[in-house]
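Chain by chain, the residues run as shown.
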Amino acid sequence: MNTMVRRFSASCAALTLLGASTVMAAHHEDKADIVDTAVAAGSFTTLVTAVQAADLVDTLKGEGPFTVFAPTDEAFAKLPENAVEDLLKPENKEQLVSVLTYHVVPGKIMAADAMKADSATTVQGADLAISTADGKVMINDATVVQADVKASNGVIHVIDTVLMP
């Protein structure tokens, strides 16, 4: 899959994903960029596919730093039927880019810092609401299920719901 990932080029800011259980198996946590970390996780195929379709791979492999709120495959499965397939169509690329970049915040924001904030402005341009409830960090209506997954060019926070702008 790494060869396939390298074939895609990016022109705008981006997003990616990461797996809660497999992330810990990645031995190069700070050496791999956000995309390679996500690909190595193996359980975020929907997000990887979407990042590729949006031509955002190179951007997310860039210097950064980026904070990515990465939805799991299960999060994508909660979307209405055919929503993912529709977003992946070439004619919907602009909408796909908007959805993906809504999951990315410029800079490296660790969970401890996020818990002190009430919002963050995304690469897409809109704000995300940040709150805490019962000791959990919420990003809009999504719960952070794994925080502070470090990558060479930022940090990933795994979420249980796809954020919609």
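Structure report, in brief. From a predicted model like this one, the values you see are computed outputs, not experimental measurements.

## Some thoughts on the environment of Asp 86
Okay, step 1: By secondary structure assignment, the location of Asp 86 is in helix H7 (residues 83-87).
Okay, step 2: The exposure class assigned to Asp 86 is partly exposed, which follows from its relative accessible area of 34%.
Okay, step 3: The spatial distance from the C-alpha of Asp 86 to the C-alpha of Leu 96 is 9.2 Å, given a sequence separation of 10 residues.

## Looking at the pattern of salt bridges
Okay, step 1: As enumerated under the stated definition, the model contains four salt bridges in all.
Okay, step 2: Note that Lys 61 is salt-bridged to Asp 36, the shortest N-O span being 2.9 Å. Here Lys 61 is found in the loop between helix H5 (57-60) and strand S1 (66-71), whereas its partner Asp 36 is found in helix H3 (residues 34-41), with 25 residues between them in sequence.
Okay, step 3: On the basis of relative accessible area, Asp 36 is assigned to the partly exposed category, the value being 24%.
Okay, step 4: Here the salt bridges share partners, and the residues they tie into one network are Asp 33, Asp 36 and Lys 61.

## Considering the sheet that holds strand S5 (residues 136-139)
Okay, step 1: Pairing is mixed in the open sheet, where seven strands are placed in the order S2-S1-S7-S6-S5-S4-S3. Strands at the two margins of the open sheet, each flanked by one partner only, are strand S2 (104-106) and strand S3 (119-121). When the angles between neighbouring strand axes are averaged without regard to direction, this sheet yields 30°.
Okay, step 2: Contacts between H3 and the sheet are confined to S1, strand S6 (142-151) and strand S7 (154-159), with S7 contributing the most and set at about 40° to the helix.

## Points about the pairing of S6
Okay, step 1: Where S5 and S6 come together, two bridges link them in antiparallel fashion. Each residue of the ladder has a partner; that of Met 138, found in S6, is Thr 143.
Okay, step 2: Relative to S7, S6 runs antiparallel, the two sharing five bridges. Bridging across to S7, Ala 151 finds its partner in Gly 154.
Okay, step 3: Following S6, the chain reverses through two residues before pairing antiparallel with S7.

## Let's talk about unusual backbone geometry
Okay, step 1: Gly 64 connects to Pro 65 through a cis peptide bond whose omega is 0°.
Okay, step 2: As for its position among the elements, Pro 65 is in the loop between H5 and S1.
Okay, step 3: Positive phi is not limited to glycine here, since Asp 55 has a value of about 55°.
Okay, step 4: Turning to its location among the elements, Asp 55 is positioned in the loop between helix H4 (45-53) and H5.
Okay, step 5: Here Asp 55 falls in the partly exposed class, since its relative accessible area comes to 22%.
Okay, step 6: Positive phi values are uncommon outside glycine, yet Asp 148 reaches one of about 60°.

## Brief notes about helix H8 (residues 93-101)
Okay, step 1: Buried within H8 we find Leu 96, Val 97, Val 99, Leu 100 and Thr 101.
Okay, step 2: Contacts from the buried residues of H8 go to H4, H7 and S2.

Here is what the cut-offs are and how they apply
Residues numbered from 1 in each chain as written. Predicted model: local features only at pLDDT ≥ 70, side-chain atom pairs only at ≥ 80, totals over all residues. Heavy atoms only, no water. Helix = DSSP H or I, 4+ residues; strand = E, 2+ residues; numbered from the N terminus. Buried < 20%, exposed > 50% of the residue type's maximum accessible area, 1.4 Å probe, protein only. Salt bridge = Lys/Arg side-chain N within 4 Å of Asp/Glu carboxyl O. Pairing = 2+ DSSP bridges. Axes fitted to C-alpha atoms, helices over the stretch in contact; angles between N-to-C directions. Contact = heavy atoms within 4.5 Å.

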